[in-house]
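These are the residues of each chain, in order.
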Amino acid sequence: MEFNVKKLASDAGVFFSRAMQFTEEKLGQAEKTELDAHFENLLARADCTKNWTEKILRQTEVLLQPNPSARVEEFLYEKLDRKVPSRVTNGELLAQYMTEAANDFGPGTPYGKTLIKVGETQRRLGAAEREFIRSASINFLTPLRNFLEGDWRTISKERRILQNRRLDLDACKARLKKAKAAEAKAAAVPDFQETRPRNYVLSASASALWNDEVEKAEHELRLTQTEFDRQAEVTRLLLEGISSTHVNHLRCLHEFVESQTNYYAQCYQFMLDLQKQLGSSKGEIFSGTFVGNAESASPAAATSPPAAAATLPAVPTIPVVPTIVGVPNTVAEGVLNPNEVKPPASGTRRARVLYDYEAADSTELALLADEMITVYSLPGMDPDWLIGERGNQKGKVPVTYLELLS
């Protein structure tokens, strides 16, 4: 108990001494030991790394999980060392709704079939998003979080110790300065006009006491200087390790970009596949709709070619048959032959192909990325398609795969 009381009193004395030194420094009444320029640069670089790492970490978390409530929930689970429950992505939830709607509407209907196809693509997009979030969390967020919760905490702890060592050193310097000033004053020549020799004896005794105080202050200064130098070296080594941290974060950043690239590439491929599926079934849907309307029409309407031609303009040089030109179809395969289509006298344009495209049937023209072709539209043609020509080859091409030039 006595030891604890002494230690408590000693710690209180040290704290009081540091508080006085810190206050006097802020008031400009005490000198402060300055660190060298290189050390100050290391401190500034460490603070900059910590601040930007926090900002990048927080914004990446927002990117991966835009829902703030979900982020708070994940944070609480992480702090409680519990596994975060699996959460359905928005794409997977949309896929579920589309599939259920298709079952209610009838999976054999055109709308039901399309809902199933789109829902399956949304499910694949949701799964890709889940994998991207998992990869980014492991390869990017975890290293950043480990730095802030591990290395940076160690650096902050050693910096606080260094700050205390510096305050102790400056306090010892102040005590030594005061002791030397008092010793010099006590050692001054006494007033010889004083007839009583007692004053000289008292002066000599005080000088000896202050001499002991100076020696004690010098001893404490040497000890605190040694502790300060040792702590400064430890802190310097930790601060210089920030360079290794930057190298590690650079590697993690490359992995994050790679996982993000793979994610968007997967999404792009999924949507291309879906576009082809919908394009191949679009003709069937519209053809079936047109045939159904034609069967339900009156005989007078069936024998009125001019009215049909006014509704759906016929392509020049092609027999006037009610069809939608430019849509991949099955019933109109013998009606529209791109090789027999004559380009208009004006209205042709040059176009650059953006992506490779594989023709779905003989009426379409296969494309290669970056090649140049001539394109034009025909009356009554689906606005999503054009007629493309490459030398002697001719066929329908999707507009979304082209960059139209002047």
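For clarity, every value in this text was computed on a predicted model and none was experimentally measured. (Residues numbered from 1 in each chain as written. Predicted model: local features only at pLDDT ≥ 70, side-chain atom pairs only at ≥ 80, totals over all residues. Heavy atoms only, no water.)

K.L.:
Please clarify how the overall build of the chain should be interpreted in this entry.
P.N.:
From N to C terminus, the chain includes 9 helices and 5 strands. Secondary structure elements of the chain, listed N to C terminal, follow the sequence α-α-α-α-α-α-α-α-α-β-β-β-β-β. Out of the 406 residues belonging to the chain, those deemed buried represent 30%. Across the chain, every contact between residues at least 6 apart in sequence was considered, and the portion connecting residues at least 24 apart equals 71%. Per element, the accessible surface of the chain, about 25,600 Å² overall, is 58% carbon and sulfur. (Helix = DSSP H or I, 4+ residues; strand = E, 2+ residues; numbered from the N terminus. Buried < 20%, exposed > 50% of the residue type's maximum accessible area, 1.4 Å probe, protein only. Contact = heavy atoms within 4.5 Å. Areas by Shrake-Rupley, 256 points an atom, 1.4 Å probe, with all protein chains shown as cover.)

K.L.:
Sorry, what's going on with helix α5 (residues 110–186) here?
P.N.:
Each turn of an α-helix holds 3.6 residues, which means side chains three or four residues apart point in the same direction. The end-to-end C-alpha distance of α5, which contains 77 residues, comes to 109 Å, matching closely the 114 Å that a straight helix rising 1.5 Å per residue would cover. In the structure, α5 departs most strongly from a straight axis at Ser137, where the bend amounts to approximately 40°. (Expected span 1.5 Å × (residues − 1). Bend = angle between axes of the 7 residues up to and from the residue.)

K.L.:
I keep staring at the packing of aromatic side chains and nothing clicks. Help me out?
P.N.:
For any pair of aromatic rings, the description consists of the separation of the ring centres together with the inter-plane angle of the planes. Following the criterion strictly, the structure yields 9 aromatic pairs and no others. Taken together, a centroid distance of 5.4 Å and an interplanar angle of 55° make the contact between Tyr268 and Tyr355 tilted. One end of the pair, Tyr268, is in helix α7 (residues 242–296); the other, Tyr355, is in the loop between β1 (349–353) and β2 (372–376), and 87 residues separate them in sequence. A residue is classified by how much of its surface remains accessible, and Tyr268, at 36% relative accessible area, is partly exposed. Taken together, a centroid distance of 5.9 Å and an interplanar angle of 85° make the contact between Tyr355 and Tyr401 edge-to-face. Of this pair, Tyr355 sits in the loop between β1 and β2 while Tyr401 sits in the loop between β4 (393–398) and β5 (402–404), and the two are 46 residues apart along the sequence. By relative accessible area, Tyr355 is classed as partly exposed at 35%. For Tyr401, a relative accessible area of 2% translates into the label buried. An aromatic cluster is present here, built from Phe132, Phe140, Phe256, Tyr263 and Tyr264 joined pairwise through their rings. Sitting over the ring of Trp52, Lys55 keeps its end group 4.5 Å from the ring centre. (Phe/Tyr/Trp six-rings, centres within 6.5 Å; stacked < 30°, edge-to-face > 60°. Lys NZ or Arg CZ within 6 Å of the ring centre and 35° of its normal.)

K.L.:
Sorry if this is basic, but what is going on with the layout of surface pockets here?
P.N.:
Here the idea is plain: a probe the size of a water molecule rolls over the atoms and shows the empty space left. Counted as a void, the largest pocket has a volume near 1,400 Å³. Elements that contribute at least two residues to the lining of the largest pocket include exactly α2 (37–64), α3 (68–79), α5 and α7. The element contributing the most residues to the lining of the largest pocket is α5, with 14 residues. Here the lining of the largest pocket is composed, by residue class, of 18 nonpolar, 8 polar and 16 charged. (1 Å grid on protein atoms, 1.4 Å probe; cavity = no way out; pocket = protein on both sides within 12 Å on 5 of 7 lines; lining within 4 Å. Points joined across faces, edges and corners; volume = space filled by probe spheres on them. Nonpolar A, V, L, I, M, F, W, Y, C, P; charged D, E, K, R; others polar.)

K.L.:
I'm lost on a nonpolar patch on the surface in this one. Help?
P.N.:
The grouping of Val72, Phe75 and Leu76 at the surface amounts to a nonpolar patch, some 290 Å² of accessible area in total. Within the element layout of this structure, Val72 appears in helix α3. (Patch = residues over 30% accessible without salt bridge, like charges linked within 9 Å, V, L, I, M, F, W, Y side chains within 5 Å. Salt bridge = Lys/Arg side-chain N within 4 Å of Asp/Glu carboxyl O.)

K.L.:
Honestly, the environment of Asp361 in this entry has me stumped. Any pointers?
P.N.:
Along the chain, Asp361 turns up in the loop between β1 and β2. As a C-alpha pair, Asp361 and Gly395 span 34 residues in sequence and 9.7 Å in three-dimensional space. A polar contact is formed between the side chain of Asp361 and the side chain of Thr363, at a distance of 2.4 Å. (Polar contact = N/O pair within 3.5 Å; in protein donor to acceptor, adjacent residues only side chain to side chain.)

K.L.:
For this particular structure, what's the right way to read the side chain of Gln65?
P.N.:
If you trace the backbone, Gln65 turns up in the loop between α2 and α3. Separated by 3.2 Å, the side chain of Gln65 and the backbone nitrogen of Asn67 make a polar contact. When sequence neighbours within four positions are dropped, the list of residues in contact with Gln65 reads Ala70, Arg71, Glu74 and Arg87.

K.L.:
Looking at this model, I keep getting lost on the nonpolar core. Mind explaining?
P.N.:
In summary, soluble globular proteins display a tendency toward joint burial of nonpolar side chains. The biggest cluster of nonpolar side chains holds 34 residues, and the ones touching the most others in it are Phe132, Phe140 and Leu239. Mapped by element, the contributors of at least two residues to this core are α2, α5, α6 (198–240) and α7. Counting residues per element, this core draws most heavily on α5, which supplies 16 residues. For Leu239, the residues in contact, after removing those within four places along its chain, are Phe39, Leu42, Leu43, Ala46 and Ile155. Leu272, Leu365, Tyr401 and Leu402 belong to the second largest nonpolar core, which has 17 residues in total. (Core = buried A, V, L, I, M, F, W, Y, C linked by side-chain atoms within 4.5 Å.)

K.L.:
Looking at this structure, how should I read the packing of helix α4 (residues 90–105) against α5?
P.N.:
Two packed helices can be described by the angle between their axes and the distance between those axes. Orientation of α4 relative to α5, taken along the N-to-C sense of each, is 165°, at an axis distance of 7 Å. Relative to α5, the element α4 is oriented roughly antiparallel. Note on packing geometry: the crossing formed by α4 with α5 is left-handed. Residues Gly91, Glu92, Leu94, Ala95, Met98, Ala101, Ala102 and Phe105 of α4 lie in contact with α5, whose contacting residues are Tyr111, Gly112, Leu115, Ile116, Val118, Gly119, Gln122, Arg123, Gly126, Ala127 and Arg130. Partitioned by chemical class, the residues of the contact of α4 with α5 number 11 nonpolar, 5 polar and 3 charged. (Axes fitted to C-alpha atoms, helices over the stretch in contact; angles between N-to-C directions. Parallel < 35°, antiparallel > 145°, perpendicular 65-115°, else oblique. Left-handed = near helix turned anticlockwise from the far one by under 90°.)

K.L.:
I would appreciate a short explanation of the packing of α2 against α5 in the present structure.
P.N.:
Direction vectors running N to C along α2 and α5 enclose 150°, while the axes themselves pass 10 Å from each other. With respect to α5, the element α2 is oriented roughly antiparallel. Between α2 and α5 lies a crossing whose hand is left-handed. Across the contact of α2 with α5, the residue classes tally to 16 nonpolar, 4 polar and 6 charged.

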